[in-house]
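Chain residues, written in single-letter form:
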Amino acid sequence: MPASVLKSTVDTKSPAAQKNHRRIVDLLTQLKNEEEQICVGGGPKAVDSQHKKGRLTGRERVKKLVDPGSQFFELGIYAAYEMYEEWGGAPGAGVITGLARVSGRTVMLIVNDATVKAGAFFPMTAKKVIRAQNIAIENRIPTIYLVDSAGIFLPLQEDVFPDTDDFGRVFRNNAVMSAMGIPQIAAIMGMCVAGGAYLPVMCDHILMTDGSGLFLAGPALVQAAIGQKTSAEELGGAKMHSQISGTVDFREPDDESCLARIRSLVDKIGAPNAAPFSHTKPRDPLYPGEEIYSIFTADPGKQYDMRDIIARIVDASEFDEYRAESGETLLCGYARIGGWAVGVVANQKKHVQTFSRGSDQKRIEFGGVIYTESAEKAARFILDCNQNRIPLIFLHDVNGFMVGKDAEWSGIIRAGAKMVNAVANSVVPKISVICGGSFGAGHYAMCGKAYDPRFMFAWPTARYAVMSGDAAATTLAEIKLKQLEREGKKVDEKQKKEVYESIRSTYEHQTDPRYAAARLWVDAIIDPAHTRDALIWALEAAALNSEIREFKTGVLQT
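One structure accompanies this document, and this report is about it. Values in this document were obtained by computation on a predicted structure and should not be read as measured data. (Residues numbered from 1 in each chain as written. Predicted model: local features only at pLDDT ≥ 70, side-chain atom pairs only at ≥ 80, totals over all residues. Heavy atoms only, no water.)

1. Overview of the overall build of the chain
Here is step 1: Scanning the chain from N- to C-terminus turns up 20 helices and 20 strands.
Here is step 2: Seen through its principal axes, the chain has C-alpha atoms that stretch 85 × 70 × 50 Å.
Here is step 3: Counting all 558 residues of the chain, 54% fall into the buried class.
Here is step 4: Restricting the contact set of the chain to residue pairs at least 6 apart, pairs at least 24 apart contribute 74%.
Here is step 5: Carbon together with sulfur atoms contributes 52% to the accessible area of the chain, which is approximately 24,900 Å² in total.
Here is step 6: Averaging the coordinates of the 65 positive side-chain charges in the chain and doing the same for the 67 negative ones gives two points 1 Å apart. (Helix = DSSP H or I, 4+ residues; strand = E, 2+ residues; numbered from the N terminus. Buried < 20%, exposed > 50% of the residue type's maximum accessible area, 1.4 Å probe, protein only. Contact = heavy atoms within 4.5 Å. Areas by Shrake-Rupley, 256 points an atom, 1.4 Å probe, with all protein chains shown as cover. Lys, Arg positive; Asp, Glu negative; His and termini not counted. Charge placed at Lys NZ, Arg CZ, Asp CG, Glu CD.)

The following block contains the structure:
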């Protein structure tokens, strides 16, 4: 084997491996069941109501729009999960977003789900649409909107209307995307009222189906405001907008013909500029992705070799490891995924025996912890990837930076700041996958959400917080118990345990990847075995943006 090929000798039949496998499969089964329920939207009655109007549901429209046999890579399916329950919930935040192939082109789809509160915009609906638009902006992805919405969900208007990441930002993004030359096609396939009416009119192409409505104010509001009586069709129907106002470019009789017209329009969009990143013919990994189930463990007391995970993601399992014998708790190296050249920065979960800095004294470095040497190595590697126009992939399973006297004396803060600086100022695409823990400043250094990854994915085993559940529960429980003592209350051991368990349960719920996905802190919870597929989608999308600005870091603490 060439030197760069990763050799994996994991025993996937061992009891420990089988236990790991069962745990991930159980989590995936639970997620699959939940996702199927989310896909039902507002329920069978709402679906029937949509069909009685002669309209398809949002998911039926997506299925007919995308290329036959191709995958729809959905993003944000868990948006608003366990939120708005006092209003009956909002599955998927009432909108469907994701990457698809239409007429051979990679596009972003933003599709209202009218089975959920008539497609009304909840606070998370606006944020989900804006996140999809931001992905399209960063990666220059042509965007298709299938509009079927009653507008803002009025009981929550104060959380939907006024702020920079609220409803109005959607239309601002329409204008910005158009100015950037990002193609936008909007099809009005139901109601499109009030402020939402601006979305399709600010796109490049506007289609409208018969029976749909486009107006700033519906008939009832018009009568209340100015006393004028009119029908919905006369006020803002497809025929009126096609023949009289001239607002609509294409009037279509039904959903099927409208979707066919969209495919025809996409077929005529010019080719994007050539990608600035190296790309060759893809090669499959030497090992099946499903073996990740057996290799990975989220147990903080257990170890695994991240190289075994990488070997099941990258092309031909080839990985040119950078400074392999230095800073070994962070793995850095060059590889290809789907033919695309990438730089990989991954937390190593094996403990490492090494020497103390500046001496021959041996020490153990704990897996998942970023030490001074590993931070400095990663910072330099990230600079090299920017210099050579190589996209960056971050695989998270990080407890944080090392603490203590030895770490402080070695300059851990300075080294960490150097790594964070390099990540923050990177100009090549960055894609993050949270495999296990992603805690504290380690989350930031590994390109957390605040550091503008083009895409942020999580495994079902991910945990996402300022510190782990046990550590946080212990700290918060001590604070709570001291507060009770100051109030003169005596607390016995049973009550102490109850306080600890209550705090731990709440904290663990908040570190669950579904909690993060509900708030769009991650774009999708992915099957670990399909990590490679998700990364290929992301890399192909990122390659649509041919512009790379000049790389500058500012002051680095050396």
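2. Comments concerning the pairing of strand β6 (residues 205–209)
Here is step 1: Counting buried positions along β6 gives 4 out of 5 residues, so the element sits mostly inside the fold.
Here is step 2: Taken together, the 4 bridges between strand β5 (residues 184–193) and β6 define a ladder with parallel strand orientation. By the bridge assignment for β6, A187 is matched with L207. (Pairing = 2+ DSSP bridges.)

3. Concerning the nonpolar core
Here is step 1: I310 and F457 are the most contacted members of the largest nonpolar core, which has 80 residues in total.
Here is step 2: Setting aside chain neighbours within four positions, we find I310 in contact with L6, F319, L331, V344, A346 and L395. (Core = buried A, V, L, I, M, F, W, Y, C linked by side-chain atoms within 4.5 Å.)

4. Details of the packing of helix α4 (residues 123–139) against helix α5 (residues 167–179)
Here is step 1: With their axes 9 Å apart at the nearest point, α4 and α5 run at an angle of 20° to one another. In terms of axis orientation, α4 runs roughly parallel to α5. α4 and α5 meet at a crossing whose hand is left-handed. Taken together, the residues of α5 that come into contact with α4 (itself represented by A126, V129, I130, Q133, N134, A136 and I137) are F167, R169, V170, N173, N174 and M177.
Here is step 2: Residues of the contact of α4 with α5, tallied by class, amount to 8 nonpolar, 4 polar and 1 charged. (Axes fitted to C-alpha atoms, helices over the stretch in contact; angles between N-to-C directions. Parallel < 35°, antiparallel > 145°, perpendicular 65-115°, else oblique. Left-handed = near helix turned anticlockwise from the far one by under 90°. Nonpolar A, V, L, I, M, F, W, Y, C, P; charged D, E, K, R; others polar.)

5. Quick look at the packing of aromatic side chains
For any two aromatic rings, the description comes down to two numbers: the centre-to-centre distance and the angle of the planes.
Here is step 1: Scanning the model with the defined rule gives 17 aromatic pairs in all.
Here is step 2: Aromatic pair Y84 and F122: ring centres 4.9 Å apart, planes at 40°, arrangement tilted. Of this pair, Y84 sits in the loop between β1 (73–75) and β2 (95–102) while F122 sits in the loop between β3 (105–112) and α4, and the two are 38 residues apart along the sequence. The exposure classification of Y84 matches that of F122, with both residues buried. (Phe/Tyr/Trp six-rings, centres within 6.5 Å; stacked < 30°, edge-to-face > 60°.)

6. A few points about the state of the cysteines
Here is step 1: Under the counting rule described, the total for this entry stands at 0 disulfides.
Here is step 2: No disulfide involves C203; its sulfur sits 9.8 Å from the nearest other cysteine sulfur, which is in C192. (Disulfide = S-S within 2.5 Å.)

7. Some points on the pattern of salt bridges
Here is step 1: In this structure the tally under the stated criterion is 25 salt bridges.
Here is step 2: We note a salt bridge from E540 to R101, for which the minimum N-O separation is 2.3 Å. Here E540 is found in helix α20 (residues 531–542), whereas its partner R101 is found in strand β2, with 439 residues between them in sequence.
Here is step 3: By relative accessible area, E540 is classed as partly exposed at 26%.
Here is step 4: For R101, a relative accessible area of 26% translates into the label partly exposed.
Here is step 5: For the salt bridge of D210 with R251, the shortest nitrogen-to-oxygen distance reads 2.9 Å. In this pair, D210 sits in the loop between β6 and β7 (213–215) while R251 sits in strand β8 (residues 250–252), placing the two residues 41 residues apart along the sequence.
Here is step 6: Overlapping salt bridges, with partners in common, bring together E34, D512 and R514 in one network. (Salt bridge = Lys/Arg side-chain N within 4 Å of Asp/Glu carboxyl O.)

8. Quick notes on unusual backbone geometry
Here is step 1: Non-glycine residue A80 carries a positive phi angle of around 70°.
Here is step 2: Tracing the chain through its elements places A80 in the loop between β1 and β2.
Here is step 3: Accessibility expressed as a relative area gives 4% for A80, which makes it buried.
Here is step 4: With phi around 60°, A93 is a residue other than glycine that occupies positive phi space.
Here is step 5: Looking at the element boundaries, A93 is found in the loop between β1 and β2.

9. Thoughts on the environment of S317
Here is step 1: Structurally, S317 is set in the loop between α12 (306–310) and β9 (320–321).
Here is step 2: For S317, a relative accessible area of 0% gives the class buried.
Here is step 3: Distance from S317 to F122, taken between C-alpha atoms, is 44 Å for residues 195 residues apart in sequence.
Here is step 4: The contacts of S317, once residues within four sequence positions are left out, are S4, V5, L6, P285, L286, Y287 and A311.

10. Brief notes about the pairing of strand β11 (residues 340–347)
Here is step 1: With 8 of its 8 residues buried, β11 lies for the most part within the structure.
Here is step 2: Here β11 shows no split at all, with W340, V342, V344 and A346 on one side and A341, G343, V345 and N347 on the other all buried.
Here is step 3: Pairing analysis gives 8 bridges linking strand β10 (residues 330–337) to β11, with the strands arranged antiparallel. If you follow G333 over to β11, its bridge partner there is V344.
Here is step 4: From the end of β10 to the start of β11, which pair antiparallel, there are 2 residues, and G338 there has a positive phi angle of about 60°.
Here is step 5: Pairing geometry for β11 and strand β15 (residues 392–398), over 4 bridges, is parallel. Across the sheet, residue V345 finds its bridge partner in β15, namely F394.

What is shown is where atoms sit, not what they do.
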